Amino acid sequence: EAGVAQSPRYKIIEKRQSVAFWCNPISGHATLYWYQQILGQGPKLLIQFQNNGVVDDSQLPKDRFSAERLKGVDSTLKIQPAKLEDSAVYLCASSFWSGGYNEQFFGPGTRLTVL
Amino acid sequence: GNSVTQMEGPVTLSEEAFLTINCTYTATGYPSLFWYVQYPGEGLQLLLKATKADDKGSNKGFEATYRKETTSFHLEKGSVQVSDSAVYFCALSRGGSEKLVFGKGTKLTVNP
C-alpha cells in the first residue's frame, strides 16, 4: 500500500514570497491533516479536513495560510506571504474514518526555509 | 486545554542500556495516548498506543502503560540498540479522528 506522498521535500524562499505544498493521502482515507513542526518542537495541527470539508482550522494563521482539498483527495497548503517564523517542516497525515480510534499515517514532510 | 509534557533531551545511552522517557499529560475526559518515533530522514511512525486507563502498549521491545492516577505514559525499553536512535514524541488524542497533540520530542542517541 502506498503511503502519504508530499512534495516538494525541500523548499527555500525569501520572506514575503509565496509557497505551496502538495499532499496525496493514502487511498480511501477520508481525513487529512496538515501539521507544522518547528525545529525542537512537536508537530502542531494547522488544519484538518473530513473529505473536502474543514473540521478544525483553529490554529491556522488565516491572514497568510490557506489550504484546500477540492475533490476530497489530495490537498494543497499555501503560504502568502511567508515570514521568517514559517521556517518549519510541514507534515501531511491521513486516516481512515470509522468508529473508535483512527490511526494517522504521516508523509515524509516538506522542509521550508524562509530567508 | 490538552497538553503533553515530555522529558527534555537529548538522551545518550550505550547499547543494551535501559531506557525511560517520561511523559505526562493534561486533558479533559479520557484521551488516547501514543508514542511516535521519527528516524533520521523519515516521517513520523506510530510506535505504540493505549486507549484506556491501565492499558499497556508495546511494540519492538518498547512498552508504555496508561496511568490515569498519575496522568503519565512513560516509554521504556529494557535493552536499547543503535538502531533505536531517533526522536520520540509522546502524543494524545481525544479519539476518533481528533487531532494529535504532541510533546516537544526527545532525541535518543544509542552508542555502540
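The shown structure was predicted, so the numbers you read here are calculated from the model rather than taken from an experiment. (Residues numbered from 1 in each chain as written. Chains lettered and ligands numbered in written order. Predicted model: local features only at pLDDT ≥ 70, side-chain atom pairs only at ≥ 80, totals over all residues. Heavy atoms only, no water.)

## Some remarks on the interface of chain B and chain A
Note the threshold: We call two residues in contact when some of their heavy atoms are within 4.5 Å. We define buried area as the total accessible area lost by two parts upon association, computed with a 1.4 Å probe and summed across both. Definition used for salt bridges: Asp or Glu carboxyl oxygen within 4 Å of a side-chain nitrogen of Lys or Arg. Helix and strand assignments come from DSSP, with helices taken as H or I runs of at least 4 residues and strands as E runs of at least 2, each series counted from the N terminus. Nonpolar residues are Ala, Val, Leu, Ile, Met, Phe, Trp, Tyr, Cys and Pro. Charged residues are Asp, Glu, Lys and Arg, and all others, Gly as well, are polar.
Between chain B and chain A, the residue contacts involve 17 residues of the former and 24 residues of the latter. Taken over both partners, the interface formed by chain B and chain A buries close to 1,600 Å², and the fraction arising from carbon and sulfur atoms is 53%. On the surface where chain B and chain A come into contact, there are one salt bridge. The partner of D56 of chain A in a salt bridge is K99 of chain B, and the shortest N-O contact between them spans 3.9 Å. Put simply, the parts of the chain that give the side of chain B that touches chain A at least two residues each are β5 (32-38) and β6 (44-50) of chain B. Its residues assigned to classes, the side of chain B that touches chain A comprises seven nonpolar, six polar and four charged.

## Overview of the pairing of strand β10 (residues 86-93) of chain B
Residue and element names in this part refer to chain B. In plain terms, the rule: The buried label applies to any residue whose accessible area, calculated with a 1.4 Å probe on protein chains only, is under 20% of its type's maximum; exposed applies above 50%, and partly exposed to all values in between. Here, strands pair whenever DSSP counts at least two bridges between them.
With respect to burial, β10 is a largely interior element, seven of its eight residues being buried. Of the strand pairs in this sheet, β5 and β10 are connected by seven bridges, and their pairing is antiparallel. The partner of Y36 across the bridge, within β10, is F89. Note: β10 against strand β12 (residues 106-111), three bridges, orientation antiparallel.

## Quick look at the pairing of β6 of chain B
Residues and elements named next belong to chain B. Judged by how many residues are buried, β6 sits mostly within the fold: five of seven residues are covered. Where β5 meets β6, six bridges bridge the pair, whose relative direction is antiparallel. When the sheet's bridge partners are listed, L33 is paired in β6 with A50. Once β5 ends, the chain turns through five residues before running back antiparallel as β6, passing G41 with a positive phi of about 75 degrees.

## Observations regarding the nonpolar core
A general feature of soluble globular proteins is that nonpolar side chains tend to end up buried together. Put simply, the rule reads: The criterion is simple. A nonpolar core is a set of buried Ala, Val, Leu, Ile, Met, Phe, Trp, Tyr and Cys residues joined through side-chain atoms within 4.5 Å.
Judged by nonpolar contacts, the single largest core of 27 residues is most densely connected at W35, L47, L48, F73, L75 and Y88 of chain B. For this core, the secondary-structure elements that each account for two or more residues are β2 (11-14), β3 (19-21), β4 (23-26), β5, β6, β8 (62-65), β10 and β12 of chain B. Among the elements that take part in this core, β10 of chain B stands out by supplying four residues, more than any other. Counting residues in hydrophobic clusters, the runner-up holds 21 residues, among them I13, I26, I47 and L60 of chain A.

## A word on the state of the cysteines
Rule in force here: Cysteine sulfur atoms that come within 2.5 Å of each other are treated as a disulfide pair.
Here the structure, examined in full by the defined rule, presents two disulfides over all chains. Each sulfur in the disulfide pair C23 of chain A and C92 of chain A lies 1.9 Å from the other. An S-S torsion of about -70 degrees defines the bridge between C23 of chain A and C92 of chain A as left-handed. Of this pair, C23 of chain A sits in strand β3 (residues 19-24) while C92 of chain A is found in strand β9 (residues 88-95), placing the two residues 69 residues apart along the sequence. Assigned by exposure class, C23 of chain A and C92 of chain A land together as buried. At a sulfur-sulfur separation of 1.9 Å, the disulfide partner of C23 of chain B is C90 of chain B.

## Digging into the sheet that holds strand β7 (residues 56-59) of chain B
All names here are of chain B. Which entries qualify depends on this criterion: The convention used is that axes are lines fitted to C-alpha atoms, helices contributing only their stretch in contact, and that angles between N-to-C directions extend from 0 to 180 degrees.
In spatial order, the strands read β3-β9-β8-β7; together these four strands make up an open sheet with antiparallel pairing. In the strand order of this sheet, the two ends are held by β3 and β7, each with one partner. Each strand of the sheet is rotated relative to its neighbour by a mean of 15 degrees, with strand direction disregarded. By the bridge criterion, two bridges tie β8 to strand β9 (residues 75-77) in an arrangement that is antiparallel. The partner of F62 across the bridge, within β9, is K77.

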